[in-house]
Amino acid sequence: SSGINAEYGVDIGGAHVAMMSSIAFEGATQRNKPELKPGNVVYARVIAANKDVEPELACVNKKGKANGLQVLEGGHIVQCSLGLCRKLRQHKSPLTNPLFNYFKSFELCVGLNGRVWVRADTVKHTVAISIYLKQCEYMSGADAVGMLRQTVKALG
């Protein structure tokens, strides 16, 4: 389907499935575009939202650059409250700072739809970070850090 502009339905956790064009990626053309598969995780932005039509997504900013928006490979999705997502998105968030004490390499993509994508250098570390994020929802920062310490120790 090299000449057809495919549309993908993307679950963003809202009332409607969002739509995303196959050419809504940096450098994508009718002939050169990513092939999304069911289950792919996409870090995208909402470019159109209206009560009468499905939301529309793109993996480019207003200048046509990806700037981190992309199909995310591997990792794990954690469902969080919108409030926690806002805290995680803060510059030098007190919730993410403790992670640097335990993990050399990890990535977080925090959506404003209550979903956080986590990927670390090992599956154990990805699991530990995911558990920590879920604990941040229900514990004080100090208690969550204590739980993180215990989780890292238990996972080895």
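Every value quoted in this text rests on a predicted model; they were computed, and no experiment measured them.

Caption draft 1: Focus on the sheet that holds strand β5 (residues 53-59). The strand order across the open sheet built from four strands is β1-β2-β5-β4, with neighbouring strands paired in mixed fashion. One side of each edge strand has no neighbouring strand; the edge strands of this open sheet are β1 (7-10) and β4 (45-50). The sheet shows a mean angle of 30 degrees between the axes of neighbouring strands, direction not considered. Relative to strand β2 (residues 18-25), β1 runs antiparallel, the two being bridged by four bridges.

Caption draft 2: Focus on the pattern of salt bridges. On inspection of all chains with the given rule, the structure shows four salt bridges. R115 serves as the salt-bridge partner of D11, at 3.5 Å between the closest nitrogen and oxygen. Here the residue D11 occupies a position in the loop between β1 and β2, and R115 occupies one in strand β9 (residues 115-120), the gap between them amounting to 104 residues. With relative accessibility at 51%, the residue D11 sits in the exposed group. A salt bridge links E26 to K65; the shortest N-O distance between them is 3.7 Å. A residue pair is termed long-range when its members are at least 10 positions apart, and E26 in the loop between β2 and β3 (41-43) and K65 in the loop between β5 and β6 (70-72) qualify at 39 residues. For E26, a relative accessible area of 41% translates into the label partly exposed. The exposure class of K65 is partly exposed, given its relative accessible area of 47%.

Caption draft 3: Up close: the sheet that holds β9. Here three strands make up an open sheet; going across it, the order is β7-β9-β8 and the pairing antiparallel. Looking at which strands have only one partner, the edges of the open sheet turn out to be β7 (76-79) and β8 (106-110). Averaged over all adjacent pairs, the angle separating strand axes in this sheet is 25 degrees, with direction ignored. Across five bridges, β8 lies against β9 in antiparallel orientation. The residue bridging E107 from the neighbouring strand is R119, located in β9. Packed onto the sheet, helix α2 (residues 123-136) meets β7, β8 and β9 and runs at close to 150 degrees relative to β9.

Here is what the cut-offs are and how they apply
- Residues numbered from 1 in each chain as written.
- Predicted model: local features only at pLDDT ≥ 70, side-chain atom pairs only at ≥ 80, totals over all residues.
- Heavy atoms only, no water.
- Pairing = 2+ DSSP bridges.
- Helix = DSSP H or I, 4+ residues; strand = E, 2+ residues; numbered from the N terminus.
- Axes fitted to C-alpha atoms, helices over the stretch in contact; angles between N-to-C directions.
- Salt bridge = Lys/Arg side-chain N within 4 Å of Asp/Glu carboxyl O.
- Buried < 20%, exposed > 50% of the residue type's maximum accessible area, 1.4 Å probe, protein only.
- Contact = heavy atoms within 4.5 Å.

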